[in-house]
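# Structural overview
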Amino acid sequence: MPAATPDMSSSNDAGKPVARRSSWAEAAAASDATKPSRDPSPAQPAPSATARLAPPIASEPPATPLNECAGEPAPEAAARPKDAPSFRRTRPTVADEIAESPMPDFISSPGLFVREQKPRPRGGIRGALYNLTGGAWNLGPGPKQRQEDELGQRISRQLQGSYNTAILSLKGGIGKTSTTVGVGLTLAEYRGDAPCAIDANPDSGDLVERALGEGIYQQSSLRTITDLLENIDAIDSLTALARYMHHAGRLHLIAGEQDPEVSDSLTAEEYLRIRKLISSYYSVALTDCGTGVTHNAMSGILQSADNLVIAAGYAVSGAKRARSTLHWLASHGYEDLARNAIVVITDKDEVSSRVDKDAIQEHLSGMCRELIAVPHDRGVADGDLVTLDVLRPETRRAYKEIAAAIVDGYR
């Protein structure tokens, strides 16, 4: 303890000077003044020997010097010197911790915050188990359903612009128009935007009859592609265009000319005008070209086509004509269309077992981008109304594969 210093200004009753003892706070302040600074700077003076011998006061916290008169902190204690040591522990703020800690991006990576939900299984044991347990047991879709879902995603892919697919063949009666209707209805089922099918068959095509049925078509407006051409300059909206179209659900159709005297009058220039109009309102268009590749409108159709579907059959003659079609295209400036073509073999007549179907498929598959077989189905072979509801599952799947391959070709 620092020694008490006599205060000569004070005296007791006997008149003798009395030594006044310093307060505890003054002693603590004197002790702090003699402690070495924690700043390792070489300019800091070394503590004196008296300060080193002073006993440390560690049992009680240092008190703030009080004003003797008012009991308030002394002015000199209120302001801490800049070089005074600080014993307060520095802790990071909440903002510092948030800024320094890695935070995943919940916008671009929602899977980090939301547990992935399995798709609902449809049909089969998985679907039955899901229904029986009210969704508590969800094994997810099986391989077949996953393949079907993948086809649907390919078909529904968003497109930038308008695209046209031509369906043609060198021989009639092998499933060309039924393929146009089946694929068109499939596109309408899976795509967010309605597709359009154009009957450009010069031989009184029956595209609309196959899509609507003969009775419904006769009861509706019989406007055809010829009527559309006569008023094409006045059509400036989809509403105006709809007056010249027929609708099979979400599939929109332009009927071909039925009058034999004018059915073959559609020229390449006229078709291109129609194609330009359609491209303003539809992202996907299918064109039923009829039989042959040399009629008047064919050059305009091939010029505006983004890809082709070549219709063929399992009969030997049908396979040969498909090969001849691809060869003609390649040798007349349409090599890219031939290379990227989709060959569709429809088992329309259910040929005999003597025909080697595998050999025909192998022969044609090497000449095109993709070959797809449509199994025999009375809903197609009868030559009447084509609706997806009455088709066999295998036939519907084949049309889905064709539709997906078509959209895949739109680059």
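See the structure shown above.
The text that follows walks through the structure, step by step, so that each part is easy to find. Everything numeric in this text was worked out from a predicted model, so none of it was measured.

With that out of the way, let us pick up the overall build of the chain. Looking only at helices and strands, one finds 18 helices and 10 strands in the chain. Counting the 411 residues in the chain, one finds 38% classified as buried. By sequence separation, contacts in the chain at least 24 residues apart represent 74% of the contacts at least 6 residues apart. Here the chain has roughly 24,600 Å² of accessible surface; of this, 52% comes from carbon and sulfur atoms.

Their axes nearest at 11 Å, the elements helix 14 (residues 316–331) and helix 16 (residues 357–365) cross at an angle of 5°. Classified by the angle their axes make, helix 14 and helix 16 are roughly parallel. Taking contact as the criterion, the partners of Ala 319, Ala 322 and Arg 323 in helix 14 are, on helix 16, Ile 360, His 363 and Leu 364.

For the pair helix 7 (residues 176–190) and helix 18 (residues 393–408), interaxial distance at closest approach is 9 Å and the crossing angle is 75°. Between helix 7 and helix 18, the angle is such that the two are roughly perpendicular. Here Ser 178, Thr 179, Gly 182, Val 183, Thr 186, Leu 187, Glu 189 and Tyr 190 of helix 7 lie close against helix 18, whose contacting residues are Arg 396, Tyr 399, Lys 400, Ile 402, Ala 403, Ile 406 and Val 407. Along the lines of polarity and charge, the residues of the contact of helix 7 with helix 18 split into eight nonpolar, four polar and three charged.

This part covers the pairing of strand 3 (residues 163–169). Strand 3 sits mainly inside the fold: seven of its seven residues count as buried. A two-sided burial pattern is seen for strand 3, the buried positions comprising Tyr 163, Thr 165, Ile 167 and Ser 169 on one face and Asn 164, Ala 166 and Leu 168 on the other. Where strand 3 lies against strand 7 (residues 284–291), six bridges are found, and the strand directions are parallel. Looking at the pairing, Asn 164 lines up with Ala 285 of strand 7. Summarising the sheet, strand 3 and strand 8 (residues 307–313) pair through four bridges and their orientation is parallel. Note on strand 8: the bridge partner recorded for Thr 165 is Asn 307.

It is worth spelling out the packing of aromatic side chains at this point. Summed over all chains, the structure comprises two aromatic pairs. The cationic tip of Arg 223 hangs over the ring face of Tyr 244; the distance from NZ or CZ to the ring centre is 4.9 Å. Across the ring face of Tyr 314, the terminal group of Lys 357 is positioned such that the distance to the ring centre comes to 5.1 Å.

Looking now at the nonpolar core. Residues Ile 254, Ile 274, Ile 278, Leu 308 and Ile 310 are the most contacted members of the largest nonpolar core, which totals 46 residues. Residues within four places of Ile 278 in sequence aside, it is in contact with Cys 196, Ile 198, Leu 241, Ile 254 and Ala 285. Of all hydrophobic cores here, the second largest spans 40 residues; its members include Leu 159, Val 208, Val 344 and Ala 403.

Taking 1.5 Å as the rise per residue, helix 6 (residues 143–155) with 13 residues should run 18 Å; its terminal C-alpha atoms sit 19 Å apart, in good agreement. Every buried residue belonging to helix 6 is among Gln 145, Glu 148, Leu 151, Gly 152 and Ile 155, and all of these are buried. Buried residues of helix 6 fall within an arc of 120° about the axis and therefore sit on the same side. Exposed residues lying more than 90 degrees from the buried face of helix 6 are Pro 143 and Gln 153. Its buried side turned inward, helix 6 meets helix 7 and helix 18.

A few words now on the pattern of salt bridges. Enumeration over the complete set of coordinates arrives at 12 salt bridges. Glu 148 is the partner of Arg 397 in a salt bridge, and the nearest nitrogen-oxygen pair spans 2.5 Å. Taken as a pair, Arg 397 in helix 18 and Glu 148 in helix 6 lie far apart in primary sequence, 249 residues in all. We classify Glu 148 as buried; its relative accessible area is 18%. The residue Lys 176 makes a salt bridge to Asp 288 at a minimum N-O spacing of 2.6 Å. Here Lys 176 is found in helix 7, whereas its partner Asp 288 is found in strand 7, with 112 residues between them in sequence.

Bringing a negative patch on the surface into the picture now. A cluster of like negative charges, contributed by Asp 206, Glu 214, Asp 382 and Asp 384, occupies part of the molecular surface. Inspection of the secondary structure assignment puts Glu 214 in helix 9 (residues 214–219).

A few words on the environment of Arg 250. Here Arg 250 is to be found in the loop between strand 5 (246–248) and strand 6 (251–254). When its relative accessible area of 34% is taken as the criterion, Arg 250 is described as partly exposed. Sequence separation between Arg 250 and Leu 187 is 63 residues; the distance between their C-alpha atoms is 9.0 Å. In this structure Arg 250 touches Ala 188, Glu 189, Arg 191, Gly 192, Asp 193, Ala 194 and Pro 195, once residues within four positions along its chain are discounted.

Conventions adopted
- Residues numbered from 1 in each chain as written.
- Predicted model: local features only at pLDDT ≥ 70, side-chain atom pairs only at ≥ 80, totals over all residues.
- Heavy atoms only, no water.
- Helix = DSSP H or I, 4+ residues; strand = E, 2+ residues; numbered from the N terminus.
- Buried < 20%, exposed > 50% of the residue type's maximum accessible area, 1.4 Å probe, protein only.
- Contact = heavy atoms within 4.5 Å.
- Areas by Shrake-Rupley, 256 points an atom, 1.4 Å probe, with all protein chains shown as cover.
- Axes fitted to C-alpha atoms, helices over the stretch in contact; angles between N-to-C directions.
- Parallel < 35°, antiparallel > 145°, perpendicular 65-115°, else oblique.
- Nonpolar A, V, L, I, M, F, W, Y, C, P; charged D, E, K, R; others polar.
- Pairing = 2+ DSSP bridges.
- Phe/Tyr/Trp six-rings, centres within 6.5 Å; stacked < 30°, edge-to-face > 60°.
- Lys NZ or Arg CZ within 6 Å of the ring centre and 35° of its normal.
- Core = buried A, V, L, I, M, F, W, Y, C linked by side-chain atoms within 4.5 Å.
- Expected span 1.5 Å × (residues − 1).
- Arc of directions from axis to C-beta.
- Salt bridge = Lys/Arg side-chain N within 4 Å of Asp/Glu carboxyl O.
- Patch = residues over 30% accessible without salt bridge, like charges linked within 9 Å, V, L, I, M, F, W, Y side chains within 5 Å.
- Lys, Arg positive; Asp, Glu negative; His and termini not counted.
- Charge placed at Lys NZ, Arg CZ, Asp CG, Glu CD.

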